[in-house]
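Each chain, letter by letter, is given below.
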Amino acid sequence: MSAIDSWLRRTLGRAGWPIALAGAVLMAVGTFLSWTYDPNIVENLTIYLYPAGPQVYTLILALLAVVMLLAVRGPLATRPLGSLLPGGAGAARTAGVFSVLVVWLILVSIAVQLHGFVNIDPGGWVSGVGALALFVGSRALPDSPRPVLDWRLPSAVQIILIAVALLLVLTAAAYALNRSDAWVFIDFLLFLAGVVLMSRNLGILGYLADATARLRRVTLLAAFIVAFLFPFTQNGSDANMSIATQVLIFATTAIGLNIVVGLAGLLDLGYIAFLGSGAYVGAILSASAFTHIHWHPPFLVVVLIGACVAACFGLIIGSPTLRVSGDYLAIVTLAFGEIFRLTMNNLDGSNGPDLTNGPNGIPAIPDLRIGGFDFGEPHTVLGIELGRFANYYFLLLVVIAFVVLAFARMNDSRIGRGWVAIREDERAAEAMGVNTFSLKLLAFAGGAFLAGLAGTIKAHHDVSVTPDQYQFLESAFLLSAVVLGGMGTVGGVLLGAVILKLLPEKLRFFSDYRLLLFGLLLVVMMRFRPEGMLASRRRQLELHEEDEELAEELEGQVADVEVAPR
Amino acid sequence: MTATEPVTETATVLQAQSITMRFGGLVAVNNVDFDVNDREIVGLIGPNGAGKTTFFNCLTGMYRPTRGTVSYRGRRLPPQPRLVARAGVARTFQNIRLFGNMTALENVMVGRYCRTKSGVLTSIIRGPRYRREERETVERSRELLDFVGLGRNADHLARNLPYGDQRRLEIARAMATDPGLLLLDEPTAGMNAQETAQASQLIFAIRERGLAVVVIEHDMRFIFRLCDRITCLVRGEKLVEGTADVVQSDERVIEAYLGTGPAKAEGGR
Ligand SMILES: Nc1ncnc2c1ncn2[C@@H]1O[C@H](COP(=O)(O)OP(=O)(O)O)[C@@H](O)[C@H]1O
Ligand SMILES: [Mg+2]
């Protein structure tokens, strides 16, 4: 890229800027024209003077690009804009890249769905050419370093900023979920990625990240309030709430796994089996007509039993394997995952006890009932109807709050320091009196406990439990969520879980290529950002052992706030 | 059977009896008896490859000796590093083994691990007891950082500290385990003259706190000035043991060590 950049810079010289500006204006103009004749694809882009869907994304990108370009050169550059947006050139380049992606994805989709580029109307071409011009022109802009914003805002204002950012996230999530057209859905994600990266170029993302780190509690609280508000934006629609609850179950489990992988540094390839143990306990002890145990304790008891059964499995697997080096654990957990699935498949009475109905699983698990509250019934709150999935959603929100609390507090405690020490140098930790074996076992069994807990709820949520829900692939997905999102952080794993669960739901037509896509995504991440999207500072350092500059840069940000009061 | 000299007032802190460590055909440590008295500074010298580090590893349970026993204040030490640290014997490493991506303060706090108790539930609930213990851990660790002269560097990453500071941080970390005996493996390797002088001050100060210290060193002047007693290992065997004067004037030591010494002593990493 940089070779092309320098070539463009030499060829275009100072012409780059006007080309980019003209491109951005063209892009904006194009959005007011029709892009195609068929109103039934990509959210009806046929209407003049009224941009819709992808045209709006294009228009916003174009306008942002214009502002960035004006901050780089021109009459406004010196005083008002240039000083406000010192990272303008970088942001303009990002806008260029993502404009091309956002516009041309739609143009290609029109060509694919209507068989040929001839079906693109002039508006599409205008924006398409504009995007290309913006891209080429912006490449020739001079480099600008990514600025570090040092606004000294009062913390109340910072909190408001964080809240606004979270509300934007909520709005974006709700909007994205409502895209029924897969092309537009991807297009929107690209647009979002572009805007996020632009705010990074401008230093805004970095500022927000610092502010959230400073005001961790407030951020966490705000995030939960926003998540709590989400069902109220769905007008009682179950479609999105179903996806949202699945994301929450997945995220809860992934955070549990992150204790094992991210904090204690153990590779667990059979984690889904612990979720499965909990789910089977939940199913077997439920009032389903298909279980053969006729003891139905209250759900809170079932939750505890499910979690404890999973934790016991964790202890049984962990205690022999955690004494030897890390690679064995991966193999043993992989095997345990398979053994679990096969055992559940075979406990159907023909060999051994009839517990699980074998491959048929346990269907018709009734909805949860806690106290007098029936999770199957829709409820109306403030005139907004909340359906079955919303009920589970709220319950899971409580569970995830508990898991996040456990994660964060364990991380920042004597135990958490022990885990870090083990990751750094296990032998040295042992020589300093750290009980490495029991700390690892604790992480392993504790992670299993949380998975088992989530499993009991999942059984009721899913209505049925079958062995093939708990196969190796699911463990792999959980691990991908952790690695992709960021080992050792809650936010990262939440993000990873959302991406890994949401994308497949929205891209059903893509399902044949799903694994290929995730594989590629992981490879790209490992190459460019092995610490994950929202990295734990410490993990970042561990993965860049050679990088002295990074070590200097992150120095003040590693220790947990409460550990090192000044 | 080895109770040679009548113990006066000073109690024996560490007693290692006929330690032998064999790696396949190589006998790295051969039948070494070694003891350390209360508040004593003992030097362990010997040419490179003499088996000094191996001997430390046997004492601290990092290696399980082929033969021989180690006891600390009359109690047998099991060959498990964690239990040795708990019992009160702490060590540093010849090739520094700090937790590089933790801050200096956090490194020392890890040392407090075996003297604190907070478990899972206490950590999650964070009641007053947890907070008191955590506060004490921080205070104690800061105090130790001040003691070794790293008070200003508490929030620096261990891997960003200069070499000499890393050695001192390792000492602070070891002292955080509340040891009665501190084993230092070449604490001045790679230090300049001034830092070396500071190091000997530090070791005297450690003794003032009531600890016994064993020091492996190559720097002869350093060790003769510092130690009450010196043991010289050569090819895994104990050659001489005694005060600085005795060892200094021993023919065999001069031949085995000092004769070939200086070149190696300079090069000592
Ligand atoms: N783990 C081991 N396996 C095999 N040989 C070892 C091991 N550790 C030390 N040795 C050997 O034991 C001898 C003594 O080494 P060491 O104790 O490091 O010497 P010193 O610390 O006195 O320089 C050397 O020959 C070394 O190669
Ligand atoms: Mg050595």
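None of these values were measured; they are calculated from a predicted model.

1. Describing the packing of aromatic side chains
Okay, so step 1: Summed over the entire model, instances satisfying the criterion amount to 20 aromatic pairs over all chains.
Okay, so step 2: Look at phenylalanine 23 of chain B and tyrosine 63 of chain B: their rings are 5.4 Å apart centre to centre, the planes differ by 80°, and that puts the pair in the edge-to-face class. Here phenylalanine 23 of chain B is found in strand E1 (residues 12–23), whereas its partner tyrosine 63 of chain B is found in the loop between helix H1 (52–59) and strand E4 (67–72), with 40 residues between them in sequence.
Okay, so step 3: Note that arginine 323 of chain A overlies the ring of phenylalanine 437 of chain A, its terminal NZ or CZ placed 3.9 Å from the centroid.

2. Notes on the confidence of the model for chain B
In low-pLDDT regions, the fine details of the predicted coordinates are not to be read closely.
Okay, so step 1: Mean pLDDT over chain B works out to 89, with 91% of the residues at or above the 70 mark.
Okay, so step 2: Considering only residues more than four positions removed or in separate chains, one finds that residues 1–8 of chain B, a stretch of pLDDT under 50, has three contacts.

3. Re the coordination of the magnesium ion (ligand 2)
Residue and element names in this part refer to chain B.
Okay, so step 1: Distances from the magnesium ion (ligand 2) to its protein donors, namely Thr53 (OG1) and Gln94 (OE1), fall within the range 2.0 to 2.1 Å. Residue threonine 53 is found in helix H1, and its partner glutamine 94 is found in the loop between strand E6 (89–91) and helix H3 (104–111); the two are separated by 41 residues along the sequence.
Okay, so step 2: According to the relative accessible area criterion, glutamine 94 is partly exposed, its value standing at 25%.

4. Some words on the domain arrangement of chain A
All names here are of chain A.
Okay, so step 1: The assigned domain composition of chain A is domain 1 (3–224), domain 2 (236–489) and domain 3 (536–566).
Okay, so step 2: On a C-alpha basis, the centres of domain 2 and domain 3 stand 31 Å from each other.
Okay, so step 3: Opposite the twelve residues of domain 2 that make contact, domain 3 presents seven residues.
Okay, so step 4: Counting each side, the surface lost to burial between domain 2 and domain 3 is near 770 Å², with a carbon and sulfur contribution of 45%.
Okay, so step 5: Of all residues in domain 2, Asp412, Arg423 and Met487 bury the most surface against domain 3, accounting for 58% of the area lost on that side.
Okay, so step 6: On the surface where domain 2 and domain 3 come into contact, there are one salt bridge.
Okay, so step 7: We note a salt bridge from arginine 423 to glutamate 542, for which the minimum N-O separation is 2.8 Å.
Okay, so step 8: Taken together, domain 2 and domain 3 are joined by three residue pairs in polar contact (both at pLDDT 80 or more).

5. Considerations on the site of ligand 1
All names here are of chain B.
Okay, so step 1: In the vicinity of ligand 1, the residues found are Phe23, Leu26, Ala28, Pro47, Asn48, Gly49, Ala50, Gly51, Lys52, Thr53, Thr54 and Tyr63.
Okay, so step 2: Lysine 52 is positioned such that a nitrogen or oxygen atom in its backbone is 2.8 Å from an oxygen atom of ligand 1.
Okay, so step 3: A distance of 2.7 Å is found between an oxygen atom of ligand 1 and a side-chain nitrogen or oxygen belonging to threonine 53.
Okay, so step 4: Mapped onto the shell around ligand 1, the elements with two or more residues apiece are strand E2 (26–37) and H1.
Okay, so step 5: Top contributing element to the shell around ligand 1 by residue count: H1, with three residues.
Okay, so step 6: Taken together, the residues that form the shell around ligand 1 break down as six nonpolar, five polar and one charged.

Criteria and cut-off values
Residues numbered from 1 in each chain as written. Chains lettered and ligands numbered in written order. Predicted model: local features only at pLDDT ≥ 70, side-chain atom pairs only at ≥ 80, totals over all residues. Heavy atoms only, no water. Phe/Tyr/Trp six-rings, centres within 6.5 Å; stacked < 30°, edge-to-face > 60°. Helix = DSSP H or I, 4+ residues; strand = E, 2+ residues; numbered from the N terminus. Lys NZ or Arg CZ within 6 Å of the ring centre and 35° of its normal. pLDDT = per-residue confidence, 0-100. Contact = heavy atoms within 4.5 Å. Donors = N, O, S within 2.8 Å, 3.2 Å for Na, K, Ca; no water. Buried < 20%, exposed > 50% of the residue type's maximum accessible area, 1.4 Å probe, protein only. Domains from an automatic or database assignment. Buried area = accessible area lost by both parts, 1.4 Å probe. Salt bridge = Lys/Arg side-chain N within 4 Å of Asp/Glu carboxyl O. Polar contact = N/O pair within 3.5 Å; in protein donor to acceptor, adjacent residues only side chain to side chain. Near = heavy atom within 4 Å. Nonpolar A, V, L, I, M, F, W, Y, C, P; charged D, E, K, R; others polar.

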